[in-house]
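# Structural overview
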Amino acid sequence: MTKVVTLAHYYTIPEVQQMADKVGDSLQLALYAKECNADVIVFAGVRFMAETAKMVNPKARVILPDLGSTCSLVTMTNINQLKKWRESYPDHVHVAYINSSAEHKALADWTVTSSNVEDIIAHLYAQGKKVIYSPDRNMGAYLNFQYGYDMPLWSAVCEVHDKFNKQALDELINSLTLPHFLISHPESPLPVLKQSDYIGSTAGLLNWIKAYSGDIKAVILVATEDGILYQMQVPGRTWISARRQFILAVNVIRAHI
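Small disclaimer: the values here were computed from a predicted structure and weren't measured. (Residues numbered from 1 in each chain as written. Predicted model: local features only at pLDDT ≥ 70, side-chain atom pairs only at ≥ 80, totals over all residues. Heavy atoms only, no water.)

As a further point, take the overall build of the protein. Each helix and strand counted, the protein has 14 helices and 11 strands in total. Over its C-alpha trace the protein gives a radius of gyration of 19 Å, about what one expects of a compact globule, namely 18 Å for 257 residues. The C-alpha extent of the protein, read off along each of the three principal axes, is 55 × 50 × 35 Å. For the protein, buried positions account for 51% of its 257 residues. Long-range pairs, those at least 24 residues apart, make up 58% of the contacts in the protein between residues at least 6 apart in sequence. Here the protein displays about 12600 Å² of accessible surface, and carbon together with sulfur accounts for 51% of that area. (Helix = DSSP H or I, 4+ residues; strand = E, 2+ residues; numbered from the N terminus. Rg over C-alpha atoms; globule rule 2.2 N^0.38 Å. Buried < 20%, exposed > 50% of the residue type's maximum accessible area, 1.4 Å probe, protein only. Contact = heavy atoms within 4.5 Å. Areas by Shrake-Rupley, 256 points an atom, 1.4 Å probe, with all protein chains shown as cover.)

Moving on, we get to the confidence of the model for the protein. Of all residues in the protein, 90% attain a pLDDT of 70 or more, and the chain-wide mean is 86. Contacts from residues 234-257, a stretch scored under 50 in pLDDT, to residues over four places away or in other chains number 66 contacts. (pLDDT = per-residue confidence, 0-100.)

The residue N78 is located in the loop between α4 (72-75) and α5 (79-87) in this model. Linking N78 and H104, residues 26 residues apart in sequence, is a C-alpha distance of 9.2 Å. A polar contact is formed between the side chain of N78 and the backbone nitrogen of N80, at a distance of 3.0 Å. Polar contacts involving the side chain of N78 include one to the main-chain amide nitrogen of Q81, which spans 2.9 Å. (Polar contact = N/O pair within 3.5 Å; in protein donor to acceptor, adjacent residues only side chain to side chain.)

For the rest of this paragraph, the subject is the sheet that holds strand β3 (residues 40-44). Taken in spatial order, the 4 strands of this open sheet run β2-β1-β3-β4, and their pairing is parallel. Both outer strands of the open sheet, β2 (22-24) and β4 (61-63), are each paired with one neighbouring strand and no more. Put simply, the sheet's adjacent strands are angled 25° from each other on average, direction ignored. Judged from the 3 bridges that link them, β3 and β4 form a sheet pairing that is parallel. (Pairing = 2+ DSSP bridges. Axes fitted to C-alpha atoms, helices over the stretch in contact; angles between N-to-C directions.)

What follows is about the nonpolar core. Ranked by internal contacts, the top residues of the largest apolar core, which has 43 residues, are I41, F43, V95, I121, Y133 and L143. When residues no more than four places from it in sequence are discounted, the contact partners of Y133 are W85, V95, Y97, V112, V117, I121, M139, G140, M151, P152, L153 and W154. In terms of nonpolar packing, the next biggest core, distinct from the first, is built from 18 residues, A44, Y212, A218 and V222 among them. (Core = buried A, V, L, I, M, F, W, Y, C linked by side-chain atoms within 4.5 Å.)

Looking at where S69 falls in the secondary structure, it is placed in the loop between β4 and α4. Residue S69 is classed as buried on the basis of its relative accessible area, which comes to 15%. In this structure the C-alpha to C-alpha distance between S69 and Y230, which are 161 residues apart in sequence, comes to 21 Å. Those residues within four positions of S69 in sequence are excluded, and the remaining contacts are G45, V46, R47 and L64. A distance of 3.0 Å separates the side chain of S69 from the backbone oxygen of G45, its partner in a polar contact.

Moving on to unusual backbone geometry. In this model, S134 is joined to P135 through a cis peptide bond whose omega is -10°. Positive phi outside glycine occurs at N37, with the angle close to 60°. Mapped onto the secondary structure, N37 falls in the loop between α2 (26-35) and β3.

Moving on, we get to the side chain of D136. Relative to the assigned elements, D136 resides in the loop between β7 (130-134) and α8 (137-147). Nearest to the buried, unbridged D136 among oppositely charged side chains is R137, at 7.1 Å. From its side chain, D136 meets the backbone nitrogen of N138 in a polar contact 2.9 Å long. Beyond its immediate sequence surroundings of up to four residues, D136 is in contact with L73, Y97, W154, A156, C158 and E187. (Lys, Arg positive; Asp, Glu negative; His and termini not counted. Salt bridge = Lys/Arg side-chain N within 4 Å of Asp/Glu carboxyl O.)

A word on the pairing of strand β5 (residues 92-97). Among the 6 residues in β5, 6 count as buried, and that is most of the element. Alternating positions in β5 separate into two faces, H92, H94 and A96 on one and V93, V95 and Y97 on the other, with burial throughout. Here 5 bridges tie β5 to β7, and the two strands are oriented parallel to one another. Counted as the bridge partner of A96 is S134 from β7. Pairing geometry for β5 and strand β6 (residues 110-112), over 3 bridges, is parallel. In the sheet register, A96 faces β6, and the bridge partner there is T111.

Okay, structure coming up:
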């Protein structure tokens with residue numbers, strides 16, 4: 001009997017998440033498919049996520065419902081130019097973010113997630129290694145700023161996170177009369193990250209919300225893709241709307257609103 005599993009990334013719309021067998025980050029979902037020994041994987045996400053699922057589950061058939069679903073971190077990266085960039089730093093270790101194409105990962109020495117990137121790069125620097133980082137310029141800029149690294153960075157961004165705008169954020173914060181917190185994904189621009197109360201992966205943002213025990217009237221500003229708000233508000237799965245009655249805002253701190 002063929003075993004089919006449907007996977008949905010946290011950032012998909014709520015209706016898709018409701019249909020899925022498992023909701024999570026891309027690597028977490030790929031590993032789940034392996035653990036449950038799936039024969040067919042239907043991956044509601046973007047192409048690089050489906051590629052990762054295929055790498056982890058080479059015998060499974062992986063179906064991407066929307067073949068045109070991609071990410072600006074991929075489309076902004078010309079592989080031939082990336083290869084030349086990589087070759088221009090022959091004495092450096094190339095660390096690539098998992099949000100990249102299969103061809104991109106093939107040019108990397110390490111592939112990291114937003115959850116483990118800080119530990120892995122710290123490990124490499126502790127060994128005396130020199131590092132270049134791709135493809136996310138914003139995440140790399142944050143790491144350089146936060147830890148004093150001097151990593152050369154590839155220049156691509158997540159178009160969703162890159163739209164978070166410091167001026168709009170300042171205007172919003174100045175208009176608030178209630179206590180507020182800003183939690184952000186490290187794909188956001190550095191000026192936004194500098195103002196954040198917490199910076200972390202998608203799972204990290206969810207865990208921050210679950211652990212929050214402060215003022216129940218506080219405004220929680222969530223600087224990442226909208227889909228995560230669904231996971232933050234499902235009664236019985238998180239405490240947000242059911243027990244804490246938080247106010248969450250995401251679109252209001254984007255540019256051009």
